[in-house]
Amino acid sequence: MARLAGTVAVVTGASSGIGRATALRFAREGAGVALAARSKEALAHVREAIERDGGRAIALECDVADEDAVEALAERAEADLGPLGVWVNNAAVLAMGKFEETPPEVFRRVVATNLMGTVNGARSALRRFRAHGRGVLVNVSSIDGRIAPPYTTAYSASKHAVLGFSAALRQELLLEGARRIHVCTVLPAAMDTPLFQHAANFTRFGLRAVPPVYSPERVARVIVRLARRPRREVLVGSSAHTLSAAWTVAPALTERLVARGADREHLEKDHGAAETPGNAFGPMGPESETGGWRPPRRWLRRAAWIGIPAVAAALLLSRRDE
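Just so it is clear, the structure is predicted and the values come from calculations on it, not from any experiment. (Residues numbered from 1 in each chain as written. Predicted model: local features only at pLDDT ≥ 70, side-chain atom pairs only at ≥ 80, totals over all residues. Heavy atoms only, no water.)

Draft legend 1. Region of the structure containing the side chain of T118. Looking at the secondary structure, you find T118 in helix α4 (residues 104–132). Judged by its relative accessible area of 3%, T118 falls in the buried class. In this structure T118 touches N89, T113, N139, V162 and F165, once residues within four positions along its chain are discounted. (Helix = DSSP H or I, 4+ residues; strand = E, 2+ residues; numbered from the N terminus. Buried < 20%, exposed > 50% of the residue type's maximum accessible area, 1.4 Å probe, protein only. Contact = heavy atoms within 4.5 Å.)

Draft legend 2. Broad picture of the environment of V88. Looking at where V88 falls in the secondary structure, it is placed in strand β4 (residues 86–89). Take V88: its relative accessible area is 1%, and that puts it in the buried class. The spatial distance from the C-alpha of V88 to the C-alpha of V11 is 4.8 Å, given a sequence separation of 77 residues.

Draft legend 3. Region of the structure containing the pairing of strand β3 (residues 57–61). Relative to β3, strand β2 (residues 32–37) runs parallel, the two being bridged by 5 bridges. In the sheet register, L35 faces β3, and the bridge partner there is A59. The parallel pair β2 and β3, bridged by helix α2 (residues 40–52), forms a crossover whose chirality is right-handed. (Pairing = 2+ DSSP bridges. Right-handed = clockwise from strand over helix to strand, strands pointing away.)

Draft legend 4. Expanded view of the packing of aromatic side chains. Overall, the coordinates contain 1 aromatic pair when judged by the stated rule. Ring centres of F99 and F107 lie 5.9 Å apart, and the angle between their planes is 80°; this geometry places the pair in the edge-to-face category. Of the residues examined, F99 reaches a relative accessible area of 52% and is grouped as exposed. Given the relative accessible area of 21%, F107 is considered partly exposed. (Phe/Tyr/Trp six-rings, centres within 6.5 Å; stacked < 30°, edge-to-face > 60°.)

Draft legend 5. Looking closely at unusual backbone geometry. For the bond running from P211 to P212, omega is 0°, close enough to zero to count as cis. Despite not being glycine, Y151 has its phi angle at roughly 70°, a positive value. Of note in the backbone geometry, R204 takes a positive phi value of approximately 75° without being a glycine. Of note, R204 is situated in the loop between β8 (200–201) and β9 (205–207).

Draft legend 6. Inspection of helix α5 (residues 153–176) at higher detail. Over its 24 residues, α5 runs 34 Å from end to end, which matches the ideal 34 Å to within 8%, given 1.5 Å per residue. For α5, the elements touching its buried residues are α4, β6 (135–140), β7 (181–188) and β10 (233–236). Just past α5, the residue G177 takes up positive phi, approximately 80°. (Expected span 1.5 Å × (residues − 1).)

Draft legend 7. Representation of the confidence of the model for the chain within the structure. For the chain, the average pLDDT comes to 91, and 88% of its residues sit at 70 or higher. When the criterion is pLDDT under 50, residues 296–301 qualifies, and its contacts beyond four places in sequence or with other chains add up to 2 contacts. Throughout residues 318–322 the model reports pLDDT below 50, and contacts reaching past four residues in sequence, or to other chains, amount to 1 contact. (pLDDT = per-residue confidence, 0-100.)

Draft legend 8. Highlighting the sheet that holds β3. Pairing within the open sheet is parallel, and its 7 strands lie in the order β3-β2-β1-β4-β6-β7-β10. Every interior strand has two partners, whereas the edge strands, β3 and β10, have only one. On average, each strand axis in the sheet is inclined to that of its neighbour by 15°, with strand direction left out of account. With respect to the sheet, α2 is in contact with β2 and β3, its orientation differing from that of β3 by roughly 175°. Lying on the sheet, α4 is in contact with β4, β6 and β7; it crosses β4 at an angle near 175°. (Axes fitted to C-alpha atoms, helices over the stretch in contact; angles between N-to-C directions.)

In structure tokens, the structure reads:
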């Protein structure tokens, strides 16, 4: 028997990347899935893929920054699929560029989507979880929500905020004694999604993901596992664990190394690029589950800087112990 049979899950940002992989995995586990994103056409493809495999899904065009649209999504999900048991706040947009060169309207839009979209989803989900007496809210942050690289001020600020929002909300539920309502936060490392192809870009260079880059299915597995066995925070990807540990024990040193590594690896300085708002204000095609960021070779050379903070931190600790 499917392990999540009878469960209804809402997944935002379900048209590509982590959201798409998560929706497909929920459906394979037997859950009914409400798919939400701004791209109606891309959502239709995901819904069709689920239905071909015998799953249940509905697809709703929704801008998560619009509180009324998110509430309408929740109402439709329950009307068509049944009581909500899981809500995944995954929708996000990225802007890359120096803070003072990123237009204020783009900065605001990133925060509105990534943070207020999560807040809007939480409001609608909790309303229903309280009525049912249970539920699992999964907020997708990022390793950038703990360790902020350069050129991502809006994105990193919003993902740090998602982390803090989730922690505060979790504690409120604890104090209320709402033991069957859970708030989980997921912090993925670099994932093979179209995030950088769709990003707003004010760096004047091409953008790329920094290896090692992991499959979005890896995050999907974690999210579906949280629906069954909730945990407060989960890092996804070995590089996320390494960077988080290094930041904890040697933050200043790690910050300097991350800055240099990100400057070297995030930006394709041999390829110029025109400024673009990317998908900040609307969807961009084509949508896909992956972004083609998993080169079979050379990733070790590019990823080497990720291990440096951990080594440096270990050296610092060993000196303190002497």
